[in-house]
Each structure stands twice: as structure tokens, then as C-alpha cells.
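Chain by chain, the residues:
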Amino acid sequence: MIPADNLQLARITQCLTNQRPAVLSPVDRGHASVAMLLREGPFSPEVLFIVRAEHDHDPWSGNIGFPGGRLNPTGETPQQAAERETFEELALDLSQSRYLGRLDDLYGAVMPILVSCFVYQLLGPARLQPNYEVARAFWCPLVKLLEPGRQQYRTFFYRDAERNHPVVELLEPQDPLLWGITYRLMRNFFSICGQDFGLPDTTIETRF
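Residues numbered from 1 in each chain as written. Predicted model: local features only at pLDDT ≥ 70, side-chain atom pairs only at ≥ 80, totals over all residues. Heavy atoms only, no water.

A. Inspection of the pattern of salt bridges at higher detail. The tally for this structure, following the rule as stated, stands at ten salt bridges. With its nearest N and O atoms 3.3 Å apart, the salt bridge here joins Glu-85 to Arg-84. Here Glu-85 and Arg-84 have matching classes, each one buried. In this structure, the salt-bridge partner of Arg-84 is Glu-88, at a minimum N-O distance of 3.2 Å. You can see Arg-84 and its partner Glu-88 sitting in helix α2 (residues 78-90), four residues apart, about one turn around the helix. Taking relative accessible area as the criterion, Glu-88 reaches 39% and is therefore assigned partly exposed. The structure contains a network of salt bridges with shared partners spanning Glu-76, Arg-84, Glu-85 and Glu-88. (Salt bridge = Lys/Arg side-chain N within 4 Å of Asp/Glu carboxyl O. Buried < 20%, exposed > 50% of the residue type's maximum accessible area, 1.4 Å probe, protein only. Helix = DSSP H or I, 4+ residues; strand = E, 2+ residues; numbered from the N terminus.)

B. Molecular detail of α2. Between its first and last C-alpha, α2 extends 18 Å over 13 residues, near the 18 Å set by a 1.5 Å rise per residue. All buried positions along α2 are accounted for by Pro-78, Ala-81, Ala-82, Arg-84, Glu-85, Thr-86, Glu-89 and Leu-90. Buried-residue contacts for α2 involve β1 (30-39), β2 (46-52), β4 (68-70), β5 (98-102), β7 (113-121) and β8 (134-141). A positive backbone phi angle near 55° is found at Ala-91, which sits one or two residues after α2. (Expected span 1.5 Å × (residues − 1). Contact = heavy atoms within 4.5 Å.)

C. Local environment of the nonpolar core. By size, the foremost hydrophobic cluster in this structure holds 39 residues, and its most contacted members are Met-36, Phe-49, Leu-145, Met-186 and Phe-189. Ignoring anything within four residues of it in the chain, the contact list for Met-36 reads Val-47, Phe-66, Leu-103, Cys-117, Phe-118, Val-119, Tyr-120, Met-186 and Phe-189. Counting 13 residues, the second largest nonpolar core, distinct from the first, contains Ala-35, Ala-82, Tyr-120 and Trp-139. (Core = buried A, V, L, I, M, F, W, Y, C linked by side-chain atoms within 4.5 Å.)

This is the structure we're talking about:
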């Protein structure tokens, strides 16, 4: 049974306000920022995901994620990058939304990248206009992410290695899965809200 009080926007806001996020240094890594967008829904708050367009030079090609991308080398802050990328990818101006807080920064498990995530609540209807980088965008109830039947392990092959990761099946069986760094960001979000999420990340790796 999912504790409904843990997933009310008022409680989420309080938890994020009290959160002291881990802010990490990119060191010799690239630095990317993403925006986690929430809105009220009929059953629980909803979170916005995008499916990235297929692109040979994009390591996250075709994956479920949040709008976002790399910081410009012009001194912009991670939060400014998240807001700029959201506008570029979805034509959504986050200055009209409510900023709730920041999740812990995460280093990529394989890719040399640092990812920062900023959480916003949309206060009214939003017309999304995905650009060429986004194949589709969809809203997902937070309670759907917690349904036990959607929790699985899947095997992925990349960088000459085979790895098993926990995933969530949110769409149709032939569609992309929620996994990787976006999965880890969702785990951090739910942890801040006092809610268990997903399966243990007991990554098994086989090199060839």
C-alpha cells in the first residue's frame, strides 16, 4: 500500500525545501542539467518524461529522461542550463512555474558526466512543443512508478560490457524503459519524500 500522504505536492514541496542536496564537482567530466517537472493529477501528482529522439551521436538516444542537456561554456549555472534546455526542447518557460528544489547531483555510472536535477511545479496548463531532440513527451502519475508489476531487471549492452539494471516499464512492452541515471534521480526523489522505490541496483557486468 502506497502512503498517499508521501506523494502530495504539499509534502513533496516541504521535503524538497528541507533537503540539503549533494552538490558535486564535475572534475574532468562533462556537466549536464535536467528539469523534473511536476503537476497536479487526478490520482497523484504527475511527472513529465520525454523520450529522446534517435540519434547516432547521442549516448541517451531513444531513452526516457527529463528535458535537459549540457551547460554552455559561458558561465551559466546548472539551474540556468536546465531552464534553457527545457525551453529549447519543449518551448516551456519555467519562469512561469514554481521552483521546488534540487536533487542530489549524480555522476554517470559509465559515462563521464555529472548530472544536476532541479524540480519545478507547473501551476497551470502547459502546451508542450517538442523540438527535433524529443520524440515524444508524456505525463506519468507518481503512483504508477511505484507499482510492483512494473519493476524489472533488464540487460543492456554498451561499451563492450553487458550489465543488468533495475528498470520500470511505463509504456508499452516495445517502448523504451525508465532506467539509468533518470531511474537513479527518481530513486533520490522518492527517498527525499520518504518513499521506497524500485529494485536494488545490483549491477552485474560481463566484459567481452
